[in-house]
Amino acid sequence: KAGVTQTPRYLIKTRGQQVTLSCSPISGHRSVSWYQQTPGQGLQFLFEYFSETQRNKGNFPGRFSGRQFSNSRSEMNVSTLELGDSALYLCASSLDSVNEKLFFGSGTQLSVL
Amino acid sequence: QQQVKQSPQSLIVQKGGISIINCAYENTAFDYFPWYQQFPGKGPALLIAIRPDVSEKKEGRFTISFNKSAKQFSLHIMDSQPGDSATYFCAGKAAGNKLTFGGGTRVLVKP
C-alpha cells in the first residue's frame, strides 16, 4: 500500500507569490491534516479535512487555506508569501476524523526568497 | 502558548544504554498521547501511543510511562541502537485529529 504522497518535494518561491501544495493520502484514508515544521516553532497544526469539510483549524493567518476533493486528495495554498513561511509542510492522513493514527508524508520543503 | 513541553532538547547515549525523554502537558482535554520518530528528510512516523487511563505501555524496546495527576509522560528507549538516532516528538490530541507537539528531542546513539 502506497504511503502519503506529497508533491512537489521542494519548492522555491519569492515574497509575494502564492503556492499550492498537493497531498494524496493512503488509499482508503478519508481524513487529511496539514502541519508546518520549522526549526524555531517546531510542528504546528494548520488544518484538518474530512469528507471535503474543514473540521479543525490552527492559529495561522487567512493566507493559509486548504481544500479536500471527493477522492480525499488535498491541497493547501499559501498566498502573498512571506520569508517566515519557509518551512517543511507535512501532510498526514488517517482513516477518519476519529482514528488517531496519523501517517505522515515526507513533506514539501518550501523556501521563500 | 506551548501546551506540551519536551525535554531534553538533545541527548547522547551509548549503544545499549537507555534514552529517556520527558513531556509535560497543560491541556487536560488531551485524550491520546503519541510519540513520533523522525529521520532527516522524512516525515514523523508513529512509534507508540498511550491513553490517559493507562500508566504504562510497552512495545518492544519502547515504553511510555504516564502520570495523569502530574500531567507528565515519558518515553524510554531500552538497549538503544545507532539506528534509533533520530528526533523524537511527543504530542497530545484533543478534538479531532489535531495534534499539539512538543519541541522535539534529538537523540544520538554512539556505537
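Undergrad: Would you mind going over the pattern of salt bridges with me for this structure?
TA: Any two side chains of opposite charge can pair, given that their charged atoms come close. Residue and element names in this part refer to chain B. In the structure shown here, the tally under the stated rule is 8 salt bridges over all chains. A salt bridge links Lys93 to Asp31; the nearest nitrogen and oxygen atoms lie 3.5 Å apart. With a gap of 62 residues between them, Lys93 in strand S9 (residues 86-93) and Asp31 in the loop between strand S3 (19-25) and strand S4 (33-38) connect regions that are remote in the sequence. Of the charged contacts, one joins Glu59 and Lys57 as a salt bridge, the two residues approaching to 3.6 Å between their closest N and O atoms. Overall, the relative accessible area of 37% leaves Glu59 in the partly exposed class. Residue classification places Lys57 among the partly exposed positions, given a relative accessible area of 32%.

Undergrad: I would appreciate a short explanation of the state of the cysteines in the present structure.
TA: Note: disulfide means a covalent bond formed between the sulfur atoms of two cysteine side chains. Residues and elements named next belong to chain A. Overall, the coordinates contain 2 disulfides over all chains when judged by the stated rule. Residue pairing for Cys23: its cysteine sulfur links by disulfide to Cys91, the two sulfurs lying 1.8 Å apart. Between Cys23 and Cys91, the S-S torsion sits near -60 degrees, and that sign places the bridge as left-handed. A residue pair is termed long-range when its members are at least 10 positions apart, and Cys23 in strand S3 (residues 19-24) and Cys91 in strand S9 (residues 87-94) qualify at 68 residues. Side by side, Cys23 and Cys91 carry an identical accessibility label, which is buried.

Undergrad: Got a minute to help me understand the interface of chain B and chain A in this structure?
TA: A common way to report how large an interface is uses the accessible area buried once the components associate. Opposite the 17 residues of chain B that make contact, chain A presents 21 residues. Roughly 1,500 Å² is buried in total at the junction of chain B and chain A, and carbon and sulfur atoms are behind 52% of that figure. Applying the counting criterion to the chain B and chain A interface returns 1 salt bridge. Two residues, Glu100(A) and Arg51(B), come together in a salt bridge whose shortest N-O distance is 2.9 Å. Taken together, chain B and chain A are joined by 4 residue pairs in polar contact (both at pLDDT 80 or more). Contributions of two or more residues to the side of chain B that touches chain A are made by S4, S9 and strand S10 (99-101) of chain B.

Undergrad: Quick question: what am I supposed to make of the sheet that holds strand S1 (residues 5-7) of chain A here?
TA: The pairing of strands in a sheet comes from backbone hydrogen bonds and takes either a parallel or an antiparallel form. All names here are of chain A. Strand order in the open sheet formed by 4 strands is S1-S3-S8-S7, and the pairing between neighbours is antiparallel. Across the chains shown, the open sheet's two edge strands, defined by having one partner strand only, are S1 and strand S7 (64-68). Within the sheet, the average angular offset between the axes of one strand and its neighbour, ignoring direction, is 20 degrees. Of the pairings in the sheet, the one linking S1 to S3 comprises 3 bridges and is antiparallel in character. Bridging from a neighbouring strand, Thr5 pairs with Ser24 of S3.

How each quantity is defined
- Residues numbered from 1 in each chain as written.
- Chains lettered and ligands numbered in written order.
- Predicted model: local features only at pLDDT ≥ 70, side-chain atom pairs only at ≥ 80, totals over all residues.
- Heavy atoms only, no water.
- Salt bridge = Lys/Arg side-chain N within 4 Å of Asp/Glu carboxyl O.
- Helix = DSSP H or I, 4+ residues; strand = E, 2+ residues; numbered from the N terminus.
- Buried < 20%, exposed > 50% of the residue type's maximum accessible area, 1.4 Å probe, protein only.
- Disulfide = S-S within 2.5 Å.
- Contact = heavy atoms within 4.5 Å.
- Buried area = accessible area lost by both parts, 1.4 Å probe.
- Polar contact = N/O pair within 3.5 Å; in protein donor to acceptor, adjacent residues only side chain to side chain.
- Pairing = 2+ DSSP bridges.
- Axes fitted to C-alpha atoms, helices over the stretch in contact; angles between N-to-C directions.

Purely geometric stuff here, so don't read any function into it on its own.
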